[in-house]
Amino acid sequence: MSAVDHAYRVLKRLVAASATERILISSAALLLSILLGALLVLIAGRMTTCTVGNAVYYFGTGFCYDPVLVFDRLFLGALGDPFSGAWSPEGQFSVTLRETTLLIFTGLSVALAFQAGIFNIGTQGQMVIGGLATAVLVLQASDVVSGVIGSVLLIPFGIAVGVVFGGLYGLIPGVLKAYADANEVITTIMLNFIATGVTLYLVSGAFKDPESPANRTVPLPEHAQFPTVLFGGRQDFSLVALACGLLAIGGLYYLLEYTAFGYDIRTSGLQPVAAEYSGVDAKRTIVASLTLSGAFGGIAGSMYVMMVLGTFQSGLPAYGFDGITVSILAGNNPAGIAFTALLFGILKSGTTVVQFATDVPPQLVGVLRGLIILFVAMPEFFRMVGQRVVDPGSKPVATHDGNVEATDE
């Protein structure tokens, strides 16, 4: 058997893997990345000078960095040390949940586009546009209502603003792809730069807070921000926002699995030719998919403004790009995004803990985080590639009655 044939068989087996097998593969990849990361920490510890009292000894050899401590802080530190006896929901755990909440929406944005066979790299730009629109319009509306009633009205209004403006920004590459055959990868990347440049111009000019030296909008009043529940000591996370994220996961899963529109999206992503043959309007599906994808990105921007900052400031973190990896690791399945978003939330939050609790250089911490992401995401990435080039034994074919049948070759 040639190497090409062997690779083909391995890829074919990966494509046909069950959900349980995929979970076991990802778990093994996570363990392998930790072991390799521990080796890198030990090697770096041997190349660094430290005092005898600060060294840790393994196999009779001294090392300046302790891999056990590093990974303890990376994972347990991000969860607020749940086994310490002094756990509090207001500690680092709230930061982890904050990151998880935002990554849920950016992950859903990318996953929806992937399901339609579209690579949306523009979630970051859609998040930026949705965030600025939310900051400006909610601030205007906050003068009309206040108090508890204000929160009840303004929070849904802010989310709706993010949906509309993020969706409209996603509509642009959708129309360009559907009616001008423009590559969505190129258009969404360019639209990210446009969004960043335009919002920077606006928050440093027309919408700038005159009382702040930073390029930001006027802060929202408290009643226009997400309320904190059980997390009163921190103002950057809300269980209400996390609940919205979980509802969004359930809603998108239902849409994709149990509605005619979801059927159109999934069939277009699996077999565009068969989808058109069964009566699916390919252009309408492309436009609608990227618009809805952009809407999820816009919600992430609304959450960042109304939950984290309380204002819009130029230079938003790259949650949109992180959402790509979150989606790939979940196999573009909305049901899996809650777990992958939590994993990435732990890594993002734990990275900060490691930097403060150990002497490990931030560059090495970044390598460890990237190593974990790479190892865990690669099996699903290759599986996605394999779905397009390998027939695992049968493949779905759309029929006229709206069902999907499997045909063997």
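Residues numbered from 1 in each chain as written. Predicted model: local features only at pLDDT ≥ 70, side-chain atom pairs only at ≥ 80, totals over all residues. Heavy atoms only, no water.

A.B. asks: Please explain the state of the cysteines as it appears in this structure.
C.D. replies: Any covalent bond linking the sulfur atoms of two cysteines counts as a disulfide. Under the defined criterion, the tally for this structure stands at one disulfide. With a sulfur-sulfur separation of 2.1 Å, Cys50 is cross-linked through a disulfide to Cys64. Measuring the twist about the S-S bond at about -95 degrees, one finds the Cys50-Cys64 disulfide to be left-handed. Of this pair, Cys50 sits in the loop between helix 2 (19-46) and strand 1 (56-58) while Cys64 sits in the loop between strand 2 (61-63) and helix 3 (67-75), placing them 14 residues apart in sequence. (Disulfide = S-S within 2.5 Å. Helix = DSSP H or I, 4+ residues; strand = E, 2+ residues; numbered from the N terminus.)

A.B. asks: Would you explain the nonpolar core in this entry?
C.D. replies: In a soluble, globular protein the nonpolar side chains are often hidden away together inside. In terms of nonpolar packing, the biggest core is built from 83 residues, with Leu108, Phe226, Phe296, Met303 and Phe312 touching the most fellow members. The element that contributes the greatest number of residues to this core is helix 11 (residues 282-309), accounting for 12 residues. Split by domain, the residues of this core number at least three in each of domain 1 (11-66 + 362-392) and domain 2 (98-349). Apart from residues lying up to four places away in sequence, Phe226 is in contact with Ile155, Ile159, Ser238, Val240, Ala241, Met303, Met306 and Met307. Membership of the second largest hydrophobic core comes to six residues, among which are Val110, Ile121, Ile324 and Ile328. (Core = buried A, V, L, I, M, F, W, Y, C linked by side-chain atoms within 4.5 Å. Buried < 20%, exposed > 50% of the residue type's maximum accessible area, 1.4 Å probe, protein only. Domains from an automatic or database assignment. Contact = heavy atoms within 4.5 Å.)

A.B. asks: Sorry, what's going on with the pattern of salt bridges here?
C.D. replies: Side chains that carry opposite charge are capable of pairing whenever their charged atoms lie near each other. Under the definition given, this model contains 12 salt bridges. As a salt-bridge pair, Glu21 and Arg13 come within 2.6 Å of each other at their nearest N and O atoms. Relative accessible area serves as the criterion here: at 28%, Glu21 is assigned to the partly exposed category. A single network of salt bridges, built from pairs that share partners, joins Arg98, Glu99, Asp236, Asp322 and Lys348. (Salt bridge = Lys/Arg side-chain N within 4 Å of Asp/Glu carboxyl O.)

A.B. asks: Help me understand the environment of Leu32, please; the structure alone is not making it clear to me.
C.D. replies: Here Leu32 shows up in helix 2. Classification of Leu32 by relative accessible area gives partly exposed; the value is 46%.

A.B. asks: Quick question: what am I supposed to make of helix 14 (residues 362-389) here?
C.D. replies: Each α-helix turn comprises 3.6 residues. Residues three or four places apart therefore point the same way. For helix 14, built from 28 residues, the straight-helix expectation of 40 Å at 1.5 Å per residue is met to within 8% by its first-to-last C-alpha distance of 39 Å. Met378 marks where helix 14 bends most, by close to 40 degrees; the proline Pro379 follows one to four residues later. (Expected span 1.5 Å × (residues − 1). Bend = angle between axes of the 7 residues up to and from the residue.)

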